[in-house]
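Chains, contacts and geometry: an overview
Single-letter residue listing:
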Amino acid sequence: MSSPVHYITVTAPDGEVIGYAWGDATDVEWINRKASSSSAYDAGMEWYGRVREAHERGLTPLGVLNLLSHEPGVGPVTEAPDVAAIEELARIVTPADDRRLLAQLDRDDAEAWQELADAFDALTDEDRDVKWGGGQKSPSGAIQVPFPMYSQPLHRAVSALLGVGAVTPEHRWVDSPMLQVPPDGRLRPADAVRAATTVVRGEKFSDGTIDKALKSGLLDAIANSLRTWYADPDADQPSPDADPDADQPSPDAAPPVEQPSTAPTPQPRALQDAPDPTPSMCKFCGGSPAADVTFRAHRGLIIFFGFKKMDGPMCMTCGLAVYRALTTHTLCVGWWSPFSLFVFAPLTLVRNLLAVRKVKQLAAPGPGMLGPRYDPGLPIHRRPRAYVALIPVVWVLFMIVTGLSGGV
Ligand SMILES: [Zn+2]
């Protein structure tokens, strides 16, 4: 089944690889680099749109890649044995990715780091032995969904991870598998940030994620790695085959790591098996509440005539951002054919206005979990591109006036 595919590599001005566009005989797709920065991720969303747009314009997949390969920051069209090879490229984690995650940690907040140490040191065996509630049968025969009952000290330890900045939207955990504790029990500091983000965010989607991380030793490995990094950020990062006695971990930094596989635990399956996010969640950032809306853009240029639409559940912030972007686009390029001027552009604008009312009624979204939230940016009336719409309006007035005055 696997046949050669072609791809282009798209790089941001600062040198970070944003992602890859690839095409086979029939289709062209975009893949974001999994460990990319938030800004590269945002840029990737735009590239996704450009790739789709070029394809919908009728270009062949290879034609799309050739066209885009002339853009700044884009490499030449290259052949790969199959899509899996490109997906593998997209999974590469660079030293710059690690540095960016470590930069999220708040080194200056000494209190937060002390709290992290105190909170984890205070955990007792009882705190670690998480009890589960629920599971009992009601008179009607329904079984109540089991849920973990975390102790107050455990809540404190988890909050302490947030306190030092180890839970960050710079790690898009949904795109990444759950990290495992290395054989020597020592996580690299950047991996500790990744794991902390995955565990803490993951708990909101899948009850028991923290319990599981506690039982596998991951939660302690996270805390120990972070504490070691705080004590000496320039220390060599542990590698799986390093001798644990070779460099000096602080005396309290190396607890026995429990075998992940032995004790049977009632926790739900891994994150990857979690059910799809509910529709009330914003499709971009994961925040809620969200409303199911459709925004449209119309391009009325005689040659590049087209429609674009973005739909799905969106929170107030992302919805407003999409509304402003697509409406401004329509105001700028929506007028330049007769049908567009009198039918499509006005219709698009009215439909967007109706749709934006739905997202404006929403409460401000809670914390996002899927990825960075769109920035709504400036209101439309402060975007110069929107005023291009005045040109056709003035032109129509001009035609009416000259028509009424009989051409004199
Ligand atoms: Zn959102």
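All of these numbers come straight from a predicted model, not from anything done at the bench.

As a further point, take the coordination of the zinc ion. Distances from the zinc ion to its protein donors, Cys282 (SG), Cys285 (SG), Cys315 (SG) and Cys318 (SG), fall within 2.2 to 2.3 Å. When the donors of the zinc ion are listed by position in the chain, the intervening gaps give C-x2-C-x29-C-x2-C. Per residue, the accessibility class of Cys315 equals that of Cys318, and both read buried.

This paragraph deals with the pattern of salt bridges. Under the defined criterion, the tally for this structure stands at 19 salt bridges. Two residues, Asp97 and Arg100, come together in a salt bridge whose shortest N-O distance is 3.2 Å. With Asp97 and Arg100 both in helix 4 (residues 95-102), this residue pair falls three residues apart, about one helical turn. Asp97 sits in the buried class, given a relative accessible area of 1%. Accessibility expressed as a relative area gives 18% for Arg100, which makes it buried. Of the charged contacts, one joins Lys131 and Asp129 as a salt bridge, the two residues approaching to 3.0 Å between their closest N and O atoms. In this structure, a network of salt bridges that share partners links the residues Glu16, Arg33, Asp97, Arg100 and Glu170.

Here we come to the packing of helix 5 (residues 110-121) against helix 7 (residues 152-163). For the pair helix 5 and helix 7, interaxial distance at closest approach is 9 Å and the crossing angle is 155°. When the axes of helix 5 and helix 7 are compared, the pair comes out roughly antiparallel. Handedness of the crossing formed by helix 5 with helix 7: left-handed. Contacts between helix 5 and helix 7 involve Ala112, Glu115, Leu116, Asp118, Ala119 and Phe120 from the first element and Arg156, Ala157, Ala160, Leu161 and Gly163 from the second.

Tracing the sequence through the fold places Arg299 in strand 7 (residues 291-300). A distance of 3.0 Å separates the side chain of Arg299 from the side chain of Glu53, its partner in a polar contact.

Right, let's talk about the pairing of strand 3 (residues 28-32) for a bit. Two faces make up the sheet, and in a regular strand the side chains alternate between them. With four of its five residues buried, strand 3 lies for the most part within the structure. Note: strand 2 (residues 17-23) against strand 3, five bridges, orientation antiparallel. What sits directly across from Trp22, in strand 3, is Glu29.

The next subject is the sheet that holds strand 3. Overall, antiparallel pairing links the four strands, which are arranged 3-2-1-4 in an open sheet. Both edges of this open sheet fall to strand 3 and strand 4 (78-80), since each of them pairs with a single strand only. Strand-to-strand twist in this sheet, taken as the mean axis angle between neighbours without regard to direction, amounts to 35°. In this fold helix 1 (residues 38-56) packs onto strand 1 (5-11), strand 2 and strand 3, with an angle of close to 180° to the strand it touches most, strand 3. Against the sheet, helix 3 (residues 83-90) engages strand 1, strand 2, strand 3 and strand 4, with an angle of about 175° to strand 2.

Criteria and cut-off values
- Residues numbered from 1 in each chain as written.
- Predicted model: local features only at pLDDT ≥ 70, side-chain atom pairs only at ≥ 80, totals over all residues.
- Heavy atoms only, no water.
- Donors = N, O, S within 2.8 Å, 3.2 Å for Na, K, Ca; no water.
- Buried < 20%, exposed > 50% of the residue type's maximum accessible area, 1.4 Å probe, protein only.
- Salt bridge = Lys/Arg side-chain N within 4 Å of Asp/Glu carboxyl O.
- Helix = DSSP H or I, 4+ residues; strand = E, 2+ residues; numbered from the N terminus.
- Axes fitted to C-alpha atoms, helices over the stretch in contact; angles between N-to-C directions.
- Parallel < 35°, antiparallel > 145°, perpendicular 65-115°, else oblique.
- Left-handed = near helix turned anticlockwise from the far one by under 90°.
- Contact = heavy atoms within 4.5 Å.
- Polar contact = N/O pair within 3.5 Å; in protein donor to acceptor, adjacent residues only side chain to side chain.
- Pairing = 2+ DSSP bridges.

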